[in-house]
Amino acid sequence: MTLRTSTVPDLWTFMLELYAMPGVAQACLELQDRFELDVPLFLALLHGAGWGYRIDADTIRALDNACWKWRAEVVRPLRAVRVQLKANPWKENHEPVVAFRERIKALELEAEKLEVSVLEQAIIALARTENHVDKPARIAAVAHMVLSHFAADNNLTGELPQASLIVDAVRSLLRR
């Protein structure tokens with residue numbers, strides 16, 4: 001049973017469509033590497049902002065706290081193994097290792113999908129905003145709050161081109 005309203009598209013489907021858009025995957029990976037950004041959380045919050053859910057710094061902190069252990073104990077270790085298996089040419093070109101790496105990649109994706117299902121339920125339980133700020137501004141504001149949360153000690157000054165690309169892609173996808 002899903003609690004999602006019929007007007008809000010499935011979060012996982014949205015993320016897959018977004019990630020497939022030109023430049024989005026690379027931009028997400030760059031932000032993930034630079035800030036240890038939780039990409040599923042980031043995209044879920046942008047999606048929620050686009051659909052009018054009230055997202056503030058406390059919401060971001062609460063959802064991050066709800067996911068950090070899963071991310072630290074399941075997602076990141078799977079990612080570390082997958083990346084390590086690709087790091088050396090003999091491993092990358094040895095067919096049994098390549099097949100093993102693909103299975104690890106599938107498990108990592110499944111772990112992220114489980115996180116997304118938890119995030120989706122948490123976000124749709126949030127109140128809708130009564131603020132009449134336009135959707136593009138709301139999405140951009142949430143992106144900045146999430147990146148500021150993950151950047152912690154890194155001062156976020158100026159525009160991050162990766163974030164702008166992702167925000168524009170979210171806006172585009174939500175207009176469809």
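All values derive from a computational prediction rather than experimental measurement.

## Concerning the packing of helix H7 (residues 135–151) against helix H8 (residues 161–175)
Link 1 in the chain: Between H7 and H8, the shortest axis-to-axis distance is 10 Å and the interhelical angle comes to 140 degrees. Taken together, the axes of H7 and H8 are oblique relative to one another. Both H7 and H8 take part in a crossing whose hand is right-handed. Across the interface between the two elements, Lys135, Pro136, Ala137, Ile139, Ala140, Ala143 and Leu147 from H7 touch Ala163, Val167, Val170, Arg171 and Leu174 from H8.

## Side note on the side chain of Asp38
Link 1 in the chain: For Asp38, the position within the fold is in the loop between helix H2 (24–35) and helix H3 (39–50).
Link 2 in the chain: Here Asp38 falls in the buried class, since its relative accessible area comes to 3%.
Link 3 in the chain: If sequence neighbours within four positions are ignored, Asp38 has contacts with Cys67, Arg71, Glu115 and Phe150.

## Concerning the packing of aromatic side chains
Link 1 in the chain: Under the definition given, this model contains zero aromatic pairs.
Link 2 in the chain: Sitting above the plane of the Trp51 ring, Lys135 keeps its charged end 5.9 Å from the centroid.

## Thoughts on the nonpolar core
Generally speaking, a soluble globular protein has its nonpolar side chains buried in company with each other.
Link 1 in the chain: Counting 44 residues, the largest nonpolar core has Leu18, Leu31, Phe42, Leu43, Leu45, Leu46 and Ile166 as its most contacted members.
Link 2 in the chain: Elements with a contribution of two residues or more to this core: helix H1 (11–19), H2, H3, helix H4 (57–87), helix H6 (95–124), H7 and H8.
Link 3 in the chain: In terms of residues, this core owes the most to one element, H3, which gives eight residues.
Link 4 in the chain: In terms of nonpolar packing, the next biggest core, distinct from the first, is built from six residues, Val75, Leu78, Leu85 and Val97 among them.

## What about the confidence of the model for the protein chain?
Link 1 in the chain: Within the protein chain, residue pLDDT values average 88, and 89% of them lie at 70 or more.
Link 2 in the chain: At the level of individual helices and strands, the protein chain shows its lowest average pLDDT in helix H5 (residues 89–93), which scores 72, and its highest in H3, which scores 96.

## Structural notes on the side chain of Glu112
Link 1 in the chain: Take Glu112: it is sitting in helix H6.
Link 2 in the chain: Aside from chain neighbours lying at most four places away, what touches Glu112 is Trp12, Pro40, Val75 and Arg79.

Conventions we followed
- Residues numbered from 1 in each chain as written.
- Predicted model: local features only at pLDDT ≥ 70, side-chain atom pairs only at ≥ 80, totals over all residues.
- Heavy atoms only, no water.
- Axes fitted to C-alpha atoms, helices over the stretch in contact; angles between N-to-C directions.
- Helix = DSSP H or I, 4+ residues; strand = E, 2+ residues; numbered from the N terminus.
- Parallel < 35°, antiparallel > 145°, perpendicular 65-115°, else oblique.
- Left-handed = near helix turned anticlockwise from the far one by under 90°.
- Contact = heavy atoms within 4.5 Å.
- Buried < 20%, exposed > 50% of the residue type's maximum accessible area, 1.4 Å probe, protein only.
- Phe/Tyr/Trp six-rings, centres within 6.5 Å; stacked < 30°, edge-to-face > 60°.
- Lys NZ or Arg CZ within 6 Å of the ring centre and 35° of its normal.
- Core = buried A, V, L, I, M, F, W, Y, C linked by side-chain atoms within 4.5 Å.
- pLDDT = per-residue confidence, 0-100.

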